[in-house]
Amino acid sequence: MMAAVTTDRFVQACYELLQPQRFKDYCPNGLQVQGRDQISRIISGVTASQALIEAAIDLKADAIFVHHGLFWRGQSGAVTGWMKKRLAPLLKHDINLIAYHLPLDAHAELGNNAQLAQLWGLLGVSRFGDQDLGVLGVPADGVVSLSANVLIERVSRQLGRTPVQVGGDGRELKKIAWCSGGAQSYFEAAIDAGADVFLTGEMSEPQAHLARETGVLYLACGHHATERYGAQAVAGHLAKQFGLHHQFVDIDNPA
Ligand SMILES: [Zn+2]
């Protein structure tokens, strides 16, 4: 028999680990949709899309742990169309949906940014940007700098995709800044913090100009690709703690 934990206990453990009260976020962090009272099987994923919810049903999951939940500030709040198609099967199958956004980016060991540092061979030294979510670091292996080619090759290999790159011509990369997901608005803070390169998920039009004008290399590595690691690290950590079955389900996303 698989071990089980009460949903209350599991949700509390998420709260204690990720400390959402420390963040100003634009979604509810924690239990977004209440399902059954016991959890023994959990799946993790990046986004509570219809495809992920269907996978949870197929895998007989008691809970889904994601980075992007269902509810965001600015939504109409009506449960119609695509929202009904996501919410109705969750309720029908009594599956818990637990979502953590900014606290999951930020967690010092299990968060998206910490996981990216491990993947990319970087060592975080300080923080920058809104709510200190951006990380400023150096190469972890003791070398003073990396060439752009070496960093891009490493990122491409680890994430399975080639980043969009602008600026940084011939620049040696000593101070390396990164922030997972849609953190393009952190670029100016990264420049101010003295970064030679900024890695994030996406790029918008203004950042291309800023990269060219400042010479700071901008690498847009994929929103989904840079946020694949935190949810599975946290869900895996808690599953181990309670002896639960955990599986990460990757629903590919080109963005
Ligand atoms: Zn995101």
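Check the entry above for the structure.
The structure presented is a predicted model; accordingly, all values stated were derived computationally and were not measured.

Asker: Help me understand the coordination of the zinc ion, please; the structure alone is not making it clear to me.
Answerer: Note on metal sites: the ideal angle is 109.5 degrees for four tetrahedral donors, and 90 or 180 degrees for six octahedral donors. Protein coordination at the zinc ion: the donors are His68 (NE2), His223 (NE2) and Glu227 (OE), at 2.1 to 2.2 Å from the metal. All donor residues of the zinc ion come from one chain, and their arrangement in sequence is H-x154-H-x3-E.

Asker: In this structure, what is going on with the packing of helix α2 (residues 50-58) against helix α3 (residues 81-92)? I would like to understand it.
Answerer: The relative placement of two packed helices comes down to the angle between their axes together with the axis-to-axis distance. For the pair α2 and α3, interaxial distance at closest approach is 9 Å and the crossing angle is 15°. In terms of orientation, α2 and α3 fall into the roughly parallel class. For the pair α2 and α3, the crossing hand works out as left-handed. Contact with α2, carried on its side by Gln50, Ile53 and Ile57, involves Lys85, Arg86, Pro89 and Leu90 of α3 and no other residues of that element. Here the contact of α2 with α3 is built from residues that sort into four nonpolar, one polar and two charged.

Asker: In this structure, what is going on with the packing of helix α1 (residues 7-18) against helix α10 (residues 230-242)? I would like to understand it.
Answerer: Relative to each other, α1 and α10 sit at 125°, their axes nearing to 11 Å. Looking at the two axes, α1 sits oblique to α10. As α1 runs across α10, the sense of the crossing is right-handed. Here Arg9, Phe10, Ala13, Cys14, Leu17 and Leu18 of α1 come into contact with α10, specifically with Val234, His237, Leu238 and Phe242. Within the contact of α1 with α10, the residues separate by chemical class into eight nonpolar, one polar and one charged.

Asker: Even after reading the chapter, I still don't get the pattern of salt bridges, so can you show me in this structure?
Answerer: For side chains bearing opposite charge, pairing can occur when the charged atoms are close. Applying the stated criterion across every chain, the model contains five salt bridges. A salt bridge links Asp62 to Arg36, with the shortest nitrogen-to-oxygen separation between them at 2.5 Å. You can see Asp62 sitting in the loop between α2 and β5 (63-68) and its partner Arg36 sitting in the loop between β2 (30-33) and β3 (38-39), a full 26 residues away along the chain. The partner of Arg171 in a salt bridge is Asp196, and the shortest N-O contact between them spans 3.0 Å. Note that Arg171 is positioned in the loop between β9 (164-166) and β10 (176-178) and Asp196 in the loop between α7 (187-192) and β11 (197-200), a separation of 25 residues in sequence. For Arg171, a relative accessible area of 26% translates into the label partly exposed. Accessibility expressed as a relative area gives 10% for Asp196, which makes it buried.

Asker: Got a minute to help me understand the pairing of strand β4 (residues 41-47) in this structure?
Answerer: Here is the key point about a regular strand: its side chains alternate between the two faces of the sheet. Within β4, five of the seven residues are buried, which leaves the element mostly enclosed by the surrounding structure. Pairing between β4 and strand β13 (residues 245-248): four bridges, direction parallel. Along β13, the bridge assignment pairs Ser44 with Phe248. Inspection of the sheet shows β4 paired to β5 by five bridges, in the parallel sense. Across the sheet, residue Ile42 finds its bridge partner in β5, namely Ala63. Once the chain exits β4 it traverses α2 before rejoining the sheet at β5, and the crossover so formed is right-handed.

Procedures and definitions
- Residues numbered from 1 in each chain as written.
- Predicted model: local features only at pLDDT ≥ 70, side-chain atom pairs only at ≥ 80, totals over all residues.
- Heavy atoms only, no water.
- Donors = N, O, S within 2.8 Å, 3.2 Å for Na, K, Ca; no water.
- Axes fitted to C-alpha atoms, helices over the stretch in contact; angles between N-to-C directions.
- Helix = DSSP H or I, 4+ residues; strand = E, 2+ residues; numbered from the N terminus.
- Parallel < 35°, antiparallel > 145°, perpendicular 65-115°, else oblique.
- Left-handed = near helix turned anticlockwise from the far one by under 90°.
- Contact = heavy atoms within 4.5 Å.
- Nonpolar A, V, L, I, M, F, W, Y, C, P; charged D, E, K, R; others polar.
- Salt bridge = Lys/Arg side-chain N within 4 Å of Asp/Glu carboxyl O.
- Buried < 20%, exposed > 50% of the residue type's maximum accessible area, 1.4 Å probe, protein only.
- Pairing = 2+ DSSP bridges.
- Right-handed = clockwise from strand over helix to strand, strands pointing away.

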